[in-house]
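Chain residues, written in single-letter form:
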Amino acid sequence: MSTVTLDSKTPSGPIEERWTKHKFDMKLVNPANKRKFTVIVVGTGLAGAAAAASLAELGYQVKCFTFHDTPRRAHSIAAQGGINAAKNYKNDGDSVHRLFYDTVKGGDFRSRESNVYRLAEVSVDIIDQCVAQGVPFAREYGGMLDNRSFGGAQVSRTFYARGQTGQQLLLGAYQALMQQVSLGRVELHTKTELVDIVLKDGVAAGIVTRDLTTGEIQPWSAHATLLCTGGYGNVFYLSTNAMNSNVTAAWRAHRRGALFANPCFTQIHPTCIPASDEFQSKLTLMSESLRNDGRIWVPKNFDDNRPADQIPEEDRDYFLERKYPAFGNLVPRDVASRNAKTVVDEGRGVGPLKNGVFLDFGESIDRLGEKTVFERYGNLFDMYERITDENPMRTPMRIYPAVHYTMGGLWVDYNLMTNIPGLYALGEANFSDHGANRLGASALMQGLADGYFVAPYTVGDYLAGLLGQSPVSTDDPVFTQAVAAARDDVARWLAVKGTKSPEHFHRELGKIIWDRCGMARDKNGLEKAISEVRALREEFHKDVRVLGGADGVNQSIEKVGRIDDFFELGELMCRDALMREESCGGHFRVEHQTEDGEAKRDDENFSFVGAWQWQGPGTPQDLVKENLEFEYVHPTQRSYK
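A brief structural summary. Computed from a prediction, not measured in an experiment: that's the story for all the values here.

Concerning the sheet that holds strand β5 (residues 156–159)
Consideration 1: One open sheet accounts for three strands, arranged β3-β5-β4; its pairing is antiparallel. Edge strands, defined here as strands with exactly one partner in the open sheet, are β3 (83–84) and β4 (148–149).
Consideration 2: Two strands pair when backbone bridges link them, and β4 and β5 are joined in this way by two bridges, in the antiparallel orientation. Bridging across to β5, Ser149 finds its partner in Ser156.

Here it is as structure tokens:
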């Protein structure tokens, strides 16, 4: 068993005062001393760009790394629908407490209350920050920022820029980052991938990277390291994530001792374009905002092959509206996804492969007019039509759930520090805010909250205790050994000379994880998945073929290491899902459901964060528990009826 004990460093006192009190209690670094500290930021999405820009503006020396050719390529750019904030512009009853409540409930009571309340509290400042940067949020006729509703809430709190919210927010963070680059406060390294975390006496000392253009492997030292590298949804192979998205930075930290928390908590997004064949390499997201004006339905009759416009109302099943009258089509993502899977599995799916449900805008077009509906969703409609050759203004969209977001990640305390001193994880790379299910429009909120408003305080508190200390020299044996090990890894993969590509093994791994640890899981399937993943990984190590050499551009080298990490992660996901004998949020064990098919939690035995400690290659990780306490939102059976 693990000897690690977890201290969440959650402040005491009334929850409304905890973050304010904590900020005051933290140690400060004066402006002259900030210049003496170096901070590494890995990743340039919303969390990474915001953190790097904010820390540099405070005066710290920042080294920022991205494997893209520009920070603008970060996957945050793909977010569509919006960002939540409790400003109550609609005067419909919203508040910081209600956003806090909705987020804890939406996560099925598997998140840390103090972190979630801070997220809701800081949300109101994020909007002001982004407006000041020039983010073109949608506005009402009178000039006020507009809001729309999203799943899991009965108020309108989501700020948006058509269907391009992630892109516009990232451009705001990017310009803040590049200003600091131009001032010489941020040293930006593009086309550079993290391959290892370096520790000195158990403390984070820096990183090792591989230049994706030259193949050069280099060490970098700093007083603190921030991982802002996103989630691990691509373990499923098919997902809405960019194809290069991976788990490597977080997983290499895990192999160095950082705990990995709640890996089985993955989110299935209900509104994605269904797969058209089994050889696709990724799936395409359609924003959840479409559920504001689109109604989800399938034919009542099995194998009804009539075109949608020829199926009369009495033959349509608006199944979400039927089952959840209070929330209707705006139930949380996990609920909407499971219900879509149910009707498709019953044989009522639509489309050529019978693998979708309809998202129909006909009623909204009749009520609001084509112009209004197109103004709200036009770019999403255009994207859908380019992919499917179908016009959503004339015929309903076809959608089906797909892997989208991961609520699990590196374990962090209230300060966003992992259990390794000096190593932080921000945004989707950590586990902290969403529990077992993320509400829509909360990912952008968390990334910017962590980068702009949390890390600048908490990192400073840590650095204040290091005043007068220099970063560990890159000539130190801990760095030279890490560099040598990274070079040996490259040589090892090149020496295998097998017969199958890395993509072949990634696709096969993804099928196992999706079939056994996807939208529905059971004990037998999970046990089978663990044995299948182990067997496939053994074959992968013996028969993968990596073309090219160690120097220069070599995407095979990039992929093979990432896929190896996915193998280890995939096994841990299945072990985590097997351990958690309950259903909650995106984790649905078929053995644990209510009479009407809803997730059935076991609060007495599983109200904890499951954090796993690395024990070495081929050895199962040890489980470390952080018990969750609910003082303000008392766990109940979730109901959206």
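Re the sheet that holds strand β20 (residues 622–627)
Consideration 1: Overall, antiparallel pairing links the four strands, which are arranged β17-β11-β19-β20 in an open sheet. The sheet is open, and its two edges are formed by β17 (409–410) and β20, each paired on a single side.
Consideration 2: Where strand β11 (residues 260–261) meets strand β19 (residues 608–613), two bridges bridge the pair, whose relative direction is antiparallel. When the sheet's bridge partners are listed, Phe260 is paired in β19 with Trp612.
Consideration 3: The sheet strands contacting helix α16 (residues 555–579) are β11, β19 and β20, and the helix crosses β19 at an angle near 145 degrees.

Examining unusual backbone geometry
Note: most residues except glycine have negative phi, and most peptide bonds are trans.
Consideration 1: For Asn91, which is not glycine, the phi dihedral falls at a positive 55 degrees.
Consideration 2: Summarising the element assignment, Asn91 is placed in the loop between β3 and α4 (96–106).

Concerning the layout of surface pockets
Consideration 1: Reported here for the second largest pocket is a volume of approximately 540 Å³.
Consideration 2: Taken together, 29 residues make up the lining of the second largest pocket; nearest its centre are Val195, Arg252, Asp489, Trp493 and Gly561.
Consideration 3: Only β7 (192–200), α7 (248–255), α13 (477–496), α15 (523–543) and α16 provide two or more residues apiece to the lining of the second largest pocket.
Consideration 4: Split into classes, the residues belonging to the lining of the second largest pocket amount to 12 nonpolar, three polar and 14 charged.

Rules used in this analysis
- Residues numbered from 1 in each chain as written.
- Predicted model: local features only at pLDDT ≥ 70, side-chain atom pairs only at ≥ 80, totals over all residues.
- Heavy atoms only, no water.
- Pairing = 2+ DSSP bridges.
- Helix = DSSP H or I, 4+ residues; strand = E, 2+ residues; numbered from the N terminus.
- Contact = heavy atoms within 4.5 Å.
- Axes fitted to C-alpha atoms, helices over the stretch in contact; angles between N-to-C directions.
- 1 Å grid on protein atoms, 1.4 Å probe; cavity = no way out; pocket = protein on both sides within 12 Å on 5 of 7 lines; lining within 4 Å.
- Points joined across faces, edges and corners; volume = space filled by probe spheres on them.
- Nonpolar A, V, L, I, M, F, W, Y, C, P; charged D, E, K, R; others polar.

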